[in-house]
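Chain by chain, the residues run as shown.
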Amino acid sequence: MSDRTPGEVVRSVTSAFERTFGGAPTGVWSAPGRVNLIGEHTDYNGGLCLPIALPRRTYAAAARRDDGVLRIASVQQDGVVEVALDDVSPELPGGWGSYVAGVLWSLRRDGLSVDGLDVLVDSTVPLGAGLSSSAALECAVAAAASDLFDLDLLGSPEGRERLAARCVEAENVIAGAPTGGMDQSASLLCEDAAALLLDCRSGETRHVPFDLDAAGHVLLVTDTRAEHALVDGQYAARRDACEQAARELGIETLREIDPAGLDAALERLGSDEVRRRVRHVVTEIERVTLAVAALESDDLEEIGRLFDASHASLRDDYEVSCEELDLATATARSEGALGARMTGGGFGGSCIAIVSAADAEAVATAIATAFRGEGLTAPVSFTVTASGPAARDS
Ligand code: ADP
Ligand code: MG
């Protein structure tokens, strides 16, 4: 699934559409997965994050219908899901179809005129690997809907931001995942060879050049393929702890805590656990600012140090790492990576490391060997470059 070219996926998703729905799609749209370079668990705290879009994308071949019915199928799932748009709810259609149905539901709620669709999905983003296959799916469908219903939202940053907000609402309300807004913004707004600095308080974005190739380095992504139970509950618990701390401190979000005033803020908090959660969030937001400065001055070593500090903070203070993420990052470091950290929500998912291009293969092999030594499922590593946003492909 991983090494197919965009052209191959466009052709195969088009023929899958024809086989499933019996006619040609009007077009194919795609949207990327993402990795967050740094700034983890900061989005729902009004903080900063710094994602790049991946070359791996989710493709949606689609055609409009005029009867209010949505029919969806995916190469990655069995069967065809069918639901009337009027019936879409957190219960219906349920399962993976809720990510697609939720987007149309939310566009309608926003007063936009959308009708039914036939959609066939295929993806080169691994599902559930912390690389945001869910947002890639939503954003590919949102892009298709924008063009097919003449919403004209892909042509401007404001339009794309509006689509991103609809996709967030779809994921929160219909798919029932309480995620922040980073994934959808990354998928709709990122540009080639740049990271997206996202201010989740103001909604402002800025493109920061990100091109490791020029410096002879690559970003190595390792999907740990770790599966841990209770992930959703843990995510919600972290959010709750942050909200509780903000209430105790009488502030809107943890973003308002100045790093220089962190110790004073921590002293006012009642529980040691909440203190550690807050310390992660505040120091992590500061690390994003430092990482942007380091990128702008081509200081890769500093970015590596910030990756390592971010990982330690997520492991020790936020407690969202796991054996697989700790082993992958530690192995990357001992094999010469400039820095390595878990990326995404945690408890599994992926890790990223900055390694010299010449070492990438050896680092990936060392991680696989270390996993084998511990009896863990074989991880999957690949290098990525910062890529472009949701767009029409054909
Ligand atoms: P991540 O976004 O990190 O990949 P999530 O748990 O947020 O993990 O989203 C994964 C879920 O999104 C899948 O379980 C499935 O329901 C849905 N999904 C993502 N991509 C696809 C796809 N190509 N086809 C069908 N469903 C998909
Ligand atoms: Mg997701």
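What counts and what doesn't
Residues numbered from 1 in each chain as written. Chains lettered and ligands numbered in written order. Predicted model: local features only at pLDDT ≥ 70, side-chain atom pairs only at ≥ 80, totals over all residues. Heavy atoms only, no water. Domains from an automatic or database assignment. Buried area = accessible area lost by both parts, 1.4 Å probe. Salt bridge = Lys/Arg side-chain N within 4 Å of Asp/Glu carboxyl O. Polar contact = N/O pair within 3.5 Å; in protein donor to acceptor, adjacent residues only side chain to side chain. Helix = DSSP H or I, 4+ residues; strand = E, 2+ residues; numbered from the N terminus. Nonpolar A, V, L, I, M, F, W, Y, C, P; charged D, E, K, R; others polar. Phe/Tyr/Trp six-rings, centres within 6.5 Å; stacked < 30°, edge-to-face > 60°. Lys NZ or Arg CZ within 6 Å of the ring centre and 35° of its normal. Pairing = 2+ DSSP bridges. Contact = heavy atoms within 4.5 Å. Axes fitted to C-alpha atoms, helices over the stretch in contact; angles between N-to-C directions. Left-handed = near helix turned anticlockwise from the far one by under 90°. Near = heavy atom within 4 Å. Areas by Shrake-Rupley, 256 points an atom, 1.4 Å probe, with all protein chains shown as cover. Disulfide = S-S within 2.5 Å. Buried < 20%, exposed > 50% of the residue type's maximum accessible area, 1.4 Å probe, protein only.

K.L.:
I'd like a description of the domain arrangement of the chain, backed by residues and values.
P.N.:
Reports of interface size often rely on the accessible area that becomes lost once the parts have come together. As far as domains go, the chain holds domain 1 (6-209 + 388-392) and domain 2 (212-384). Between the C-alpha centres of domain 1 and domain 2 the distance comes to 25 Å. Summed over both partners, the interface of domain 1 with domain 2 buries about 2,900 Å², with 65% contributed by carbon and sulfur atoms. Across the pair glutamate 40 and arginine 341 runs a salt bridge whose closest N-O atoms are separated by 2.8 Å. Where domain 1 meets domain 2, there are 17 residue pairs in polar contact (both at pLDDT 80 or more). Counting residues per element, the side of domain 1 that touches domain 2 draws most heavily on strand β3 (residues 51-64), at 4 residues. Of the residues belonging to the side of domain 1 that touches domain 2, the class tally is 17 nonpolar, 10 polar and 7 charged.

K.L.:
Mind laying out the packing of aromatic side chains, listing which residues take part and the relevant values?
P.N.:
If you walk through the whole model with that rule in mind, you get 2 aromatic pairs. The side chain of arginine 56 reaches across the aromatic face of phenylalanine 382, ending 3.8 Å from its centre.

K.L.:
Summarise the sheet that holds β3; cite the residues concerned and give the values.
P.N.:
Sheet architecture is open: 6 strands sit in the order β5-β4-β6-β3-β1-β13, paired in mixed fashion. The outermost strands of the open sheet, each flanked by one partner alone, are β5 (80-84) and β13 (391-392). Pairing analysis gives 2 bridges linking strand β1 (residues 27-36) to β13, with the strands arranged antiparallel. From the neighbouring strand, serine 30 faces β13, where its bridge partner is alanine 391. Each of β1, β3, β4 (69-74), β5 and β6 (117-123) is contacted by helix α1 (residues 6-21), which is oriented at about 140° to β6, the strand it contacts most. Its contacts with the sheet place helix α5 (residues 182-189) against β1 and β3, and it is angled at close to 125° to β1.

K.L.:
Which residues make up the sheet that holds strand β8 (residues 205-209), and what values go with them?
P.N.:
The 3 strands lie next to each other as β2-β7-β8, forming an open sheet whose pairing is antiparallel. With one partner strand each, in any of the chains shown, β2 (48-49) and β8 form the two edges of the open sheet. Summarising the sheet, β2 and strand β7 (residues 194-199) pair through 2 bridges and their orientation is antiparallel. Among the inter-strand pairings, cysteine 49 is bridged to a residue of β7, identified as leucine 198. Across the sheet, helix α8 (residues 272-296) is in contact with β2, β7 and β8; its angle to β8 comes to roughly 45°.

K.L.:
Which residues make up the packing of helix α4 (residues 157-174) against α5, and what are the values?
P.N.:
Relative placement of two packed helices is described by the angle separating their axes and the distance separating the axes. It is at 9 Å that the axes of α4 and α5 come closest, and there the two elements cross at 145°. Considering how the two elements wind past one another, α4 and α5 form a crossing that is right-handed. Taken together, the residues of α5 that come into contact with α4 (itself represented by Pro157, Arg160, Glu161, Leu163, Ala164, Cys167, Val168 and Glu171) are Gln184, Ser185, Leu188 and Leu189. Counted by class, the contact of α4 with α5 contains 7 nonpolar, 2 polar and 3 charged residues.

K.L.:
Give me the pairing of β8: which residues, what numbers.
P.N.:
The sheet contact formed by β7 and β8 spans 5 bridges and is antiparallel. Looking across to β8, one finds that alanine 195 is bridged to valine 208. Connecting β7 to the antiparallel partner β8 that follows it, the hairpin turn spans 5 residues, and glycine 203 within it adopts a positive phi of roughly 80°.

K.L.:
Could you give me a rundown of the site of ligand 1, with the residues and numbers involved?
P.N.:
Taken together, 17 residues lie around ligand 1, and Ser74, Gln76, Gly128, Ser133 and Ser134 are the ones closest in. Within the side chain of glutamine 77, an N or O atom sits 3.3 Å from a nitrogen atom of ligand 1. Between ligand 1 and serine 132, the relevant distance is 3.5 Å, taken from an oxygen atom to a main-chain nitrogen or oxygen of the residue. Notes on ligand 1: free accessible area 560 Å², of which the protein chains cover 79%. Elements with a contribution of two residues or more to the shell around ligand 1: β6 and α3 (133-148).

K.L.:
Any chance you could break down the state of the cysteines for me, citing the residues and the numbers?
P.N.:
Within this structure, the stated rule accounts for 0 disulfides. No disulfide involves cysteine 200; its nearest neighbouring cysteine sulfur is the one of cysteine 49, lying 4.0 Å away. What makes cysteine 200 partly exposed here is its relative accessible area of 25%. No disulfide involves cysteine 322; its sulfur sits 10 Å from that of cysteine 351, the nearest cysteine. In this structure cysteine 322 comes out as buried when scored by relative accessible area, which is 9%.

K.L.:
An account of the environment of alanine 31 is needed here, citing residue identities and associated values.
P.N.:
Assignment of secondary structure puts alanine 31 in strand β1. With relative accessibility at 0%, the residue alanine 31 sits in the buried group. Beyond its immediate chain neighbours, meaning those up to four positions away, alanine 31 contacts Arg57, Thr58, Ala136, Cys139, Ala140, Ser187 and Ala390.

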